[in-house]
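Below, each chain spelled out in residue letters.
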Amino acid sequence: GIRRDLDEPELFKAQLQAIFQLRKEGYTGIGVMLPFVISVDEVQKAKGLMQECGFDLNDPSFEFGVMVETPAACWIIDELIAEKIRFISFGTNYLTQLTLGIDRNNERIQKQFSEMHPAVMREIGHVIAACKHAGVKTSICGQAASNPEMVKKLLAFGIDSVSPNNDAGEQITGTVLRAAK
């Protein structure tokens, strides 16, 4: 996660400089998303390195956000929003694993792994509500975004975007269209 990048700032800065160069060459839709965030301090340090690399964090065309993959990120979302993030993306596999204390790869307990567990859903609902209030975009991708029941709940919470796996695209499109009626 971001801790590894901050522990090796020269490698992180090399990544940031590549992104900065692409933006300078006119490429759009390229931003920075920090993974596995657990503290505001990490975001502040990353922003400092971004500024060292030339990023204008006030540029409205620059997308800067965080992955919400840890319970810590869920419960400090207001402080993360105060750092002027513009978007979040849920990483529900890790969020579920860390919230429930269940290794999704352990066959003996895998059946208990569910993104729709009430604790995970409360975390997600809390984050979406805080982000909606602050005008921060919310998204989810992958397996959870491919589950029609999960997508119905996410839409009810007010999520801005869902990106299902390719094999579920048509089904999820139908779920979204029915919910919009």
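Before any of the text, the structure's been laid out above.
Residues numbered from 1 in each chain as written. Predicted model: local features only at pLDDT ≥ 70, side-chain atom pairs only at ≥ 80, totals over all residues. Heavy atoms only, no water.

Visitor: Describe the overall build of the chain, naming the residues involved and giving the relevant values.
Guide: Scanning the chain for helices and strands turns up 9 helices and 5 strands. Listing the helices and strands of the chain from first to last along the sequence gives α-α-β-α-β-α-α-β-α-α-β-α-β-α. Against the globule reference of 16 Å for 181 residues, the chain gives a C-alpha radius of gyration of 17 Å, in line with a compact fold. In terms of overall dimensions, the chain has a C-alpha envelope of 45 × 40 × 30 Å along the principal axes. (Helix = DSSP H or I, 4+ residues; strand = E, 2+ residues; numbered from the N terminus. Rg over C-alpha atoms; globule rule 2.2 N^0.38 Å.)

Visitor: Before we move on, can you summarise the pairing of strand β4 (residues 137–142) with the specific residues and values?
Guide: Note that strand β3 (residues 87–90) and β4 share 4 bridges and pair parallel. Looking across to β4, one finds that Phe90 is bridged to Ile140. In terms of strand pairing, β4 meets strand β5 (residues 161–164) through 4 bridges, oriented parallel. Considered in β5, the bridge of Ile140 is made with Val162. Note that the unit made of β4, helix α8 (residues 148–157) and β5 has a crossover that is right-handed. (Pairing = 2+ DSSP bridges. Right-handed = clockwise from strand over helix to strand, strands pointing away.)

Visitor: Please set out the packing of α8 against helix α9 (residues 169–180) residue by residue, giving values where relevant.
Guide: Packing of α8 against α9 brings their axes to within 10 Å, and their N-to-C directions diverge by 35°. Where α8 crosses over α9, the two elements pack in a sense that is right-handed. Between α8 and α9, the residues in contact are Pro148, Val151, Lys152 and Leu155 and Gln171, Ile172, Thr175, Val176 and Ala179, respectively. (Axes fitted to C-alpha atoms, helices over the stretch in contact; angles between N-to-C directions. Left-handed = near helix turned anticlockwise from the far one by under 90°. Contact = heavy atoms within 4.5 Å.)

Visitor: Before we move on, could you go through the packing of aromatic side chains and cite the residues and values that matter?
Guide: Inspection of every chain in the model, using the stated rule, returns 3 aromatic pairs. Arranged with centres 5.4 Å apart and planes meeting at 75°, the rings of Phe20 and Phe55 form a pair that is edge-to-face. Taken together, the residues Phe20 in helix α2 (residues 9–24) and Phe55 in the loop between α3 (40–52) and β2 (64–68) connect sequence positions 35 residues apart. Residue classification places Phe20 among the partly exposed positions, given a relative accessible area of 26%. Relative accessible area serves as the criterion here: at 6%, Phe55 is assigned to the buried category. Between Phe55 and Phe62 the ring centres are 5.0 Å apart and the planes differ by 40°, which places this aromatic pair in the tilted class. The exposure class of Phe62 is buried, given its relative accessible area of 1%. Aromatic rings pair up to connect Phe20, Phe55 and Phe62 into one cluster. (Phe/Tyr/Trp six-rings, centres within 6.5 Å; stacked < 30°, edge-to-face > 60°. Buried < 20%, exposed > 50% of the residue type's maximum accessible area, 1.4 Å probe, protein only.)

Visitor: Could you give an account of the nonpolar core, naming the residues involved and the relevant values?
Guide: Counting residues in hydrophobic clusters, the biggest one holds 50 residues, and the most contacted among them are Val32, Leu34, Phe55, Val66, Leu80, Ile88 and Phe90. For this core, the element with the highest residue contribution is helix α7 (residues 118–134), accounting for 7 residues. Each residue touching Val66, except ones within four places of it in the same chain, is listed here: Met33, Leu34, Val37, Val43, Leu80, Ile85, Phe87, Ile88 and Ser89. (Core = buried A, V, L, I, M, F, W, Y, C linked by side-chain atoms within 4.5 Å.)

Visitor: Which residues make up the side chain of Ser89, and what values do they have?
Guide: Within the secondary structure, Ser89 is located in strand β3. Classification of Ser89 as buried rests on a relative accessible area of 8%. Other than its neighbours up to four places away in sequence, Ser89 contacts Met33, Val66, Met67, Val68 and Ser139.

Visitor: Give a detailed account of helix α6 (residues 92–100), specifying residues and quantitative values.
Guide: Among the residues making up α6, those that are buried are Thr92, Leu95, Thr96 and Leu100. Projected down its long axis, α6 shows its buried positions confined to an angular sector of 105°, all on one face. In this structure, the buried side of α6 is in contact with β2, α4 (71–75), β3, α7, β4 and α8. A positive backbone phi angle near 65° is found at Gly101, which sits one or two residues after α6. (Arc of directions from axis to C-beta.)

Visitor: I'd like a description of the environment of Glu42, backed by residues and values.
Guide: Within the element layout of this structure, Glu42 appears in helix α3. Separated by 56 residues in sequence, Glu42 and Leu98 place their C-alpha atoms 19 Å apart. If we ignore the near neighbours within four places in the chain, the residues touching Glu42 are Ile2, Arg3, Leu6, Phe36 and Val37.

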